[in-house]
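Summary of structural features
In case you want the letters, here they are:
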Amino acid sequence: MFSKNSYYTGMLYGLVAPAISFFVAELFRFDIPFGDKPYAIYLLAAVTNLFLLRHQAQSGRMKTAEGLMISLFFSACLFYIFKVRE
């Protein structure tokens, strides 16, 4: 189920990497406001996922990269629903 090249592994990476970046951003109090709301922590999480996506795609693990894309898409949808529409 959790081989190196599977959708589940990609979705797990897509959840764990932003969680680590959130922890690091909170640890160092890293937050730069974009406009009138502080979105830098979310931008850092998305950039982390995009870096992992690029690495997995270049190494030939396309199922893992597709799992990362799925989690990145759902994260962006949740971000829009709960943060941007406020």
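Residues numbered from 1 in each chain as written. Predicted model: local features only at pLDDT ≥ 70, side-chain atom pairs only at ≥ 80, totals over all residues. Heavy atoms only, no water.

1. Some thoughts on the environment of Ile41
We apply this condition: To qualify as a helix, a DSSP run of H or I must reach at least 4 residues; to qualify as a strand, a run of E must reach at least 2; elements of each kind are numbered from the N terminus. Burial classification: accessible surface area is computed with a 1.4 Å probe over protein chains only, and a residue below 20% of its type maximum counts as buried, one above 50% as exposed, and the rest as partly exposed.
Within the element layout of this structure, Ile41 appears in helix α2 (residues 40–58). A relative accessible area of 11% places Ile41 in the buried class. Residues Ile41 and Ala25, spaced 16 residues apart in sequence, show a C-alpha to C-alpha distance of 6.3 Å.

2. Remarks on the packing of helix α1 (residues 7–27) against α2
Quick reminder of the rule: Convention adopted: a line fitted to C-alpha atoms gives each axis, helices being fitted over their contacting stretch, and angles between N-to-C directions are expressed from 0 to 180 degrees. Each angle is binned into one of four classes, with values under 35 degrees roughly parallel, values over 145 roughly antiparallel, values of 65 to 115 roughly perpendicular, and all other values oblique. By the definition used in this description, the sense in which the near helix is turned from the far one sets the handedness, with an anticlockwise turn below a right angle giving left-handed and a clockwise turn giving right-handed. Throughout, a contact is declared for two residues whenever any of their heavy atoms are within 4.5 Å. Three residue categories are used. Nonpolar comprises Ala, Val, Leu, Ile, Met, Phe, Trp, Tyr, Cys and Pro, charged comprises Asp, Glu, Lys and Arg, and polar comprises the others, including Gly.
Packing of α1 against α2 leaves a shortest axis separation of 9 Å and a crossing angle of 140 degrees. Accordingly, the angle class assigned to the pair α1 and α2 is oblique. For the pair α1 and α2, the sense of crossing is right-handed. Of α2, the residues touching α1 (which contributes Tyr13, Gly14, Ala17, Pro18, Ser21, Phe22, Ala25 and Glu26) are Ile41, Tyr42, Leu44, Ala45, Thr48, Asn49, Leu52 and Gln56. For the contact of α1 with α2, a count of residues per class yields 10 nonpolar, 5 polar and 1 charged.

3. Remarks on helix α3 (residues 62–84)
As a reminder of what qualifies: Every helix has an expected span of 1.5 Å times one less than the residues it contains.
In a regular helix each residue adds 1.5 Å, so 23 residues correspond to 33 Å; α3 covers 31 Å between its end C-alpha atoms and thus fits that length. Of all the residues in α3, the buried ones are Thr64, Ala65, Gly67, Leu68, Ser71 and Leu72. Buried positions along α3 lie against α1 and α2.

4. Details of the confidence of the model for the protein
Heads up, the rule is: For every residue, the predictor assigns a confidence score, pLDDT, that lies between 0 and 100.
Across the protein, the average pLDDT comes to 81, with 85% of residues at or above 70. Within the protein, the element-level pLDDT minimum falls on strand β1 (residues 33–34), averaging 62, and the maximum on α3, averaging 86.

5. What to know about the layout of surface pockets
The following threshold applies: The definitions used throughout rest on a 1 Å grid laid over the protein atoms alone, on which a cavity is an enclosed set of points accommodating a 1.4 Å probe that cannot get out and a pocket is an open set flanked by protein within 12 Å on both sides along at least five of seven lines; lining residues are those having an atom within 4 Å of a point. Grid points are joined across faces, edges and corners, and a volume is the space filled by probe spheres set on the points.
Taken as a whole, the largest pocket encloses approximately 340 Å³ of empty space. Only α1, α2 and α3 provide two or more residues apiece to the lining of the largest pocket. The element that contributes the greatest number of residues to the lining of the largest pocket is α3, accounting for 7 residues. Residues of the lining of the largest pocket, tallied by class, amount to 13 nonpolar, 2 polar and 1 charged.

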